[in-house]
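What the coordinates show
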Amino acid sequence: MSVLKNYINGSWVSSVSTETVDVINPATAELLAKVPYGNATAKDLNDAVAAAQDAYLQWKNVPVLKRIQPLFKLKQLLEDNQEEISKLITMECGKTLAESSGELQRAIENVEVAAGAPILMQSEFLENVAGGIDEFMIRQPLGVTSCIAPFNFPAMISFWFLPYAIACGNSMIVKPSEKVPLTMMKIFELLHQLDLPKGLVNMVHGGKGTVDAILDNPDVKSVSFVGSTPVAKYIYARGTANGKRVQAQGGAKNPVVILPDADIEMTSQIIADSVYGCAGQRCLAASVVITVEKNDKFRDSLYETAKARAVGYGLNKGTEMGPVISKESKSRVESLIAEGVKEGGSLLLDGRDSKVNGFENGNFIKPTIIENIPLDGELIKTEIFGPVMSLLHMKTIDEAIAFINRNKYGNMACMFTSSGSSARRFRNEAMAGNIGINIGVAAPMAQFPFSGWKESFFGDLHGQGRHAVEFFTQTKVVVERWPKEWSRKF
Ligand code: NAD
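Residues numbered from 1 in each chain as written. Predicted model: local features only at pLDDT ≥ 70, side-chain atom pairs only at ≥ 80, totals over all residues. Heavy atoms only, no water.

Digging into the overall build of the protein
- When its secondary structure is counted, the protein shows 16 helices and 22 strands.
- Radius of gyration (C-alpha) of the protein: 24 Å, near the 23 Å computed for a compact globule of 490 residues.
- With the C-alpha coordinates of the protein rotated into their principal frame, the extents come out at 85 × 60 × 40 Å.
- Here the protein, with 490 residues, has 57% of them falling under the buried criterion.
- Residue pairs in contact within the protein that sit at least 24 positions apart in sequence constitute 73% of those at least 6 positions apart.
- Element-wise, carbon and sulfur atoms account for 52% of the exposed surface of the protein, whose accessible area totals about 20400 Å².
- Across the protein, 51 positive and 53 negative side-chain charges occur, with their mean positions spaced 4 Å apart. (Helix = DSSP H or I, 4+ residues; strand = E, 2+ residues; numbered from the N terminus. Rg over C-alpha atoms; globule rule 2.2 N^0.38 Å. Buried < 20%, exposed > 50% of the residue type's maximum accessible area, 1.4 Å probe, protein only. Contact = heavy atoms within 4.5 Å. Areas by Shrake-Rupley, 256 points an atom, 1.4 Å probe, with all protein chains shown as cover. Lys, Arg positive; Asp, Glu negative; His and termini not counted. Charge placed at Lys NZ, Arg CZ, Asp CG, Glu CD.)

What follows is the structure, encoded as C-alpha cells:
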C-alpha cells in the first residue's frame with residue numbers, strides 16, 4: 001500500500017518521514033491507506049510554509065474580486081464530486097452516506113459565504129475626525145495561516161476556515177486528521193484544478209510532529225484548531241506564546257432539557273438524531289438528556305426511538321448509524337458505560353458488544369441509554385463521544401439551568417418546550433455558545449460564527465461568517481491630513 005503524499009507548492013510530494021500510521025475503514029476494518037507520521041514531518045511542514053509565504057506575498061495584492069473567482073469554481077467542483085467525496089467520508093469516518101453528504105453541503109455553504117469577502121472585508125471611514133483630518137480602518141491579510149482538523153468531519157471543518165483565509169488574501173496549510181486524510185486528498189485534487197498560485201493552499205499530513213512545527217514556525221501567523229479540549233488548550237497556549245493568532249475549538253458535553261409541555265413524538269425523534277447521529281461523534285451531539293419532572297412517556301419514547309435505530313455500514317441503504325472511529329474508541333466508550341454503571345447509573349439500553357452481520361470486525365456500539373448517573377460522579381463530566389445518552393430527571397427548570405451552568409464545557413445547550421417564555425429564559429440564562437430551542441443539533445449556518453464557550457473554545461473569534469473574516473485579517477487604522485493649501489489649482 002502506497003503512502004499518501006503531501007500537497008506542497010502546487011505539487012504532490014512524498015513526505016521525508018518514513019514513519020506511517022494506517023487509515024482504517026471503521027466498519028470493515030479494511031486498510032485504506034498509510035499516512036506519513038512522526039517528528040520528521042516537521043521538515044515537510046517547514047517546506048510548505050516557505051512556499052505559502054511566497055504565495056501570500058503575490059496573492060495579498062490580487063484584488064479581492066479576483067481572489068473570490070476560484071471559489072465559484074470550487075463550489076461547482078465540490079458539487080460535481082459530491083457522490084465520490086461523500087463515499088470517501090463514509091469509508092474512512094464511518095458515518096452514513098446521508099450524513100456525509102450533509103457534511104459536504106455545510107462545507108459548500110462556507111465557500112458561498114466566503115465569496116462575499118468583497119463586502120465582508122469592507123471597513124470604516126470617518127471624515128473630519130479633527131479639522132481637515134480623516135481616519136479610516138483597513139483590513140489586511142495575516143500571511144501564512146493554518147488549520148488543524150479532527151477526525152469527525154473530514155470535509156467540513158477545514159471549510160470553516162480555508163475559503164475565508166484565501167478570500168481575505170492569505171495562504172493556508174491544512175493538516176487533516178491522520179485518521180481520515182483521504183477526503184482532504186480528494187478535495188486538494190479539486191483545489192489543484194483552480195489555478196491558484198503555487199503554494200497558496202498546501203496540505204501536510206502527520207500528527208503531533210506536524211502540529212508542533214506549525215506552532216513553532218515564525219512564518220505561520222495563525223492557527224485554527226478543532227479537536228479535543230486537552231489538545232485545544234495545548235495548541236492555544238503554545239501558539240499564543242509564539243505570538244500567533246489562535247482559535248481553538250475543543251470538546252463538549254451537551255445537555256438537552258425536555259419540559260413537560262414539549263411534543264413527545266417530535267422531541268424523541270430529534271433527540272435520538274442528535275444523540276446517535278454520526279454515532280454520537282459530533283461536537284454538537286446531545287449527551288445528557290434531562291426531563292423536567294420525571295416523565296415516563298418521554299422515557300419510553302426515547303427508549304423506543306433509540307432501540308429502533310438501524311446500525312450498520314454507512315454505505316448500505318437503510319443504515320441510520322455507523323461505527324465509531326476505531327477499536328480504541330469503541331473500548332474507551334464501552335469502559336465509560338461500565339464506569340457509569342459502577343457509579344450507580346442503570347442501563348435502560350445497552351449497546352455494548354454489538355456485532356453487525358457481515359461486518360463482524362467493525363467498531364459498532366448500538367444506541368445506549370444510561371439513567372440516573374450521579375451528578376457528583378466522573379461520567380457526568382466526561383465527554384463520551386459515542387452513541388450514549390445519559391438520562392436524568394430533575395424537578396424544576398432552575399435545577400436544570402443550574403446544572404448546565406456548572407458544566408465545564410459550553411458548546412451547546414438545548415431546550416424542548418411549547419412555552420415561549422420558558423424558551424426565552426433558557427436562551428438568556430444557559431451558559432453555552434450555541435443554543436437550540438426545539439432543535440437537537442444547534443449547528444450555526446455558515447453565515448454565523450460556530451460559537452462555543454468555556455472549555456469548548458479558546459480564543460476570541462470563531463470559525464465561519466464575519467468572525468472568520470475578522471480572524472483572517474488584521475486591522476490597520478490610518479489617520480490622514482491633506483491641507484487645503486496643498487491642493488493644486490488647475
Ligand atoms: P484530537 O484532539 O485527538 O485531534 C485533533 C487534531 O489534533 C488532529 O489533527 C490530531 O492529529 C492533532 N493532535 C492530536 N493529539 C495531539 C497532540 N498531543 N499534540 C498536537 N496535536 C495533536 O481530536 P479528534 O479525536 O480528532 O476529534 C474529536 C474531538 O474533537 C472531540 O473532543 C470533539 O468534541 C472535538 N470537536 C470539537 C468541535 C467544536 O466545534 N468544538 C468540532 C468537532 C470536533
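Thoughts on the packing of helix H9 (residues 208-216) against helix H10 (residues 229-241)
- Put simply, H9 and H10 touch, their axes get as near as 8 Å, and they point 35 degrees apart. Of H10, the residues touching H9 (which contributes Lys208, Val211, Asp212, Leu215 and Asp216) are Tyr234, Ile235, Arg238 and Gly239.
- Here the residues of the contact of H9 with H10 are counted per class, giving four nonpolar, one polar and four charged. (Axes fitted to C-alpha atoms, helices over the stretch in contact; angles between N-to-C directions. Nonpolar A, V, L, I, M, F, W, Y, C, P; charged D, E, K, R; others polar.)

A closer look at the environment of Lys381
- Within the element layout of this structure, Lys381 appears in the loop between strand E15 (368-371) and strand E16 (388-394).
- The partly exposed category is assigned to Lys381, whose relative accessible area is 45%.
- If sequence neighbours within four positions are ignored, Lys381 has contacts with Lys253, Lys408 and Tyr409.

Observations regarding the side chain of Asn254
- By secondary structure assignment, the location of Asn254 is in strand E12 (residues 254-258).
- Not counting chain neighbours up to four residues away, the residues in contact with Asn254 comprise Cys283, Leu284, Ala285, Ala286, Ser287, Val288, Asn411 and Met412.

Examining the domain arrangement of the protein
- According to the domain assignment, the protein contains domain 1 (6-250 + 456-478) and domain 2 (254-437).
- For domain 1 and domain 2, the distance between their C-alpha centres works out to 31 Å.
- The interface is formed by 22 residues belonging to domain 1 together with 24 residues belonging to domain 2.
- Summing both sides of the interface, domain 1 and domain 2 together bury roughly 1900 Å²; the carbon and sulfur share of this comes to 65%.
- When the buried surface of domain 1 facing domain 2 is broken down by residue, Pro26, Ala27 and Ser456 rank first, second and third, together holding 27% of it.
- Counting across the domain 1 and domain 2 interface gives zero salt bridges.
- The interface formed by domain 1 and domain 2 holds eight residue pairs in polar contact (both at pLDDT 80 or more) in total.
- Breaking the side of domain 1 that touches domain 2 down by element, the ones donating at least two residues are helix H4 (82-93) and helix H5 (97-114).
- The element that contributes the greatest number of residues to the side of domain 1 that touches domain 2 is H4, accounting for five residues.
- Looking at side-chain class alone, the side of domain 1 that touches domain 2 contains nine nonpolar, eight polar and five charged residues. (Domains from an automatic or database assignment. Buried area = accessible area lost by both parts, 1.4 Å probe. Salt bridge = Lys/Arg side-chain N within 4 Å of Asp/Glu carboxyl O. Polar contact = N/O pair within 3.5 Å; in protein donor to acceptor, adjacent residues only side chain to side chain.)

Regarding the site of the ligand
- Residues in contact with the ligand amount to 28 residues; listed here are only the nearest, Ala149, Glu178, Ser228, Gly250 and Glu383.
- At 2.9 Å from an oxygen atom of the ligand is found a side-chain nitrogen or oxygen belonging to Gln249.
- Coverage of the ligand by the protein chains reaches 87% of its 840 Å² of free accessible surface.
- Put simply, the parts of the chain that give the shell around the ligand at least two residues each are H9, strand E10 (220-226) and H10.
- Grouping the constituent residues of the shell around the ligand by class yields 15 nonpolar, nine polar and four charged. (Near = heavy atom within 4 Å.)

What about the nonpolar core?
- Core analysis: the biggest nonpolar cluster contains 124 residues, and Leu71, Leu78, Val257, Ile271 and Phe472 have the highest contact counts within it.
- The contact partners of Val257, leaving out residues within four places of it in the chain, are Ile290, Val292, Ala400, Ile404, Cys414, Met415, Phe416 and Phe426.
- One finds Ile148, Ala213, Ile235 and Phe458 within the second-largest nonpolar core, a separate group that totals 21 residues. (Core = buried A, V, L, I, M, F, W, Y, C linked by side-chain atoms within 4.5 Å.)

Looking at the sheet that holds strand E6 (residues 133-141)
- An order of E5-E6-E22 is seen for the three strands of this open sheet, with the pairing classed as antiparallel. Only two strands of the sheet have a single partner each, and these edge strands are strand E5 (125-130) and strand E22 (473-481). Ignoring which end each strand starts from, the neighbouring axes of this sheet average 30 degrees apart.
- In this structure, E5 lies alongside E6, joined through three bridges in antiparallel fashion. Note that in E6 the partner of Phe125 across the bridge is Phe136. (Pairing = 2+ DSSP bridges.)

Structural notes on the packing of H4 against H5
- H5 packs onto H4 with a crossing angle of 120 degrees between their chain directions and a minimal axis gap of 8 Å. Compared by their axis directions, H4 and H5 come out oblique. Like other packed secondary-structure pairs, H4 and H5 cross with a definite hand, here right-handed. Only Leu97, Ser100, Ser101, Glu103 and Leu104 of H5 make contact with H4, whose side of the interface consists of Gln82, Ile85, Ser86, Lys87, Ile89 and Thr90. (Parallel < 35°, antiparallel > 145°, perpendicular 65-115°, else oblique. Left-handed = near helix turned anticlockwise from the far one by under 90°.)

Considering a nonpolar patch on the surface
- There is a patch of nonpolar side chains on the surface, built from Leu126, Val129, Val477 and Val479 and spanning about 350 Å² of accessible area.
- Put simply, the parts of the chain that give the nonpolar patch at least two residues each are E5 and E22. (Patch = residues over 30% accessible without salt bridge, like charges linked within 9 Å, V, L, I, M, F, W, Y side chains within 5 Å.)

Considerations on the sheet that holds E16
- Spatially, seven strands are ordered E14-E15-E16-E13-E12-E18-E19 in an open sheet, and the strand pairing comes out mixed. Pairing within the sheet leaves two strands with one partner each, and these edge strands are strand E14 (346-349) and strand E19 (434-437). When strand polarity is set aside, the average angle formed by the axes of neighbouring strands in this sheet is 25 degrees.
- Of the strand pairs in this sheet, E12 and strand E18 (residues 412-416) are connected by three bridges, and their pairing is parallel. Each residue of the ladder has a partner; that of Val257, found in E18, is Met415.
- Together, E14, E15 and E16 form the strand contacts of helix H13 (residues 327-343), whose direction differs from that of E15 by roughly 25 degrees.

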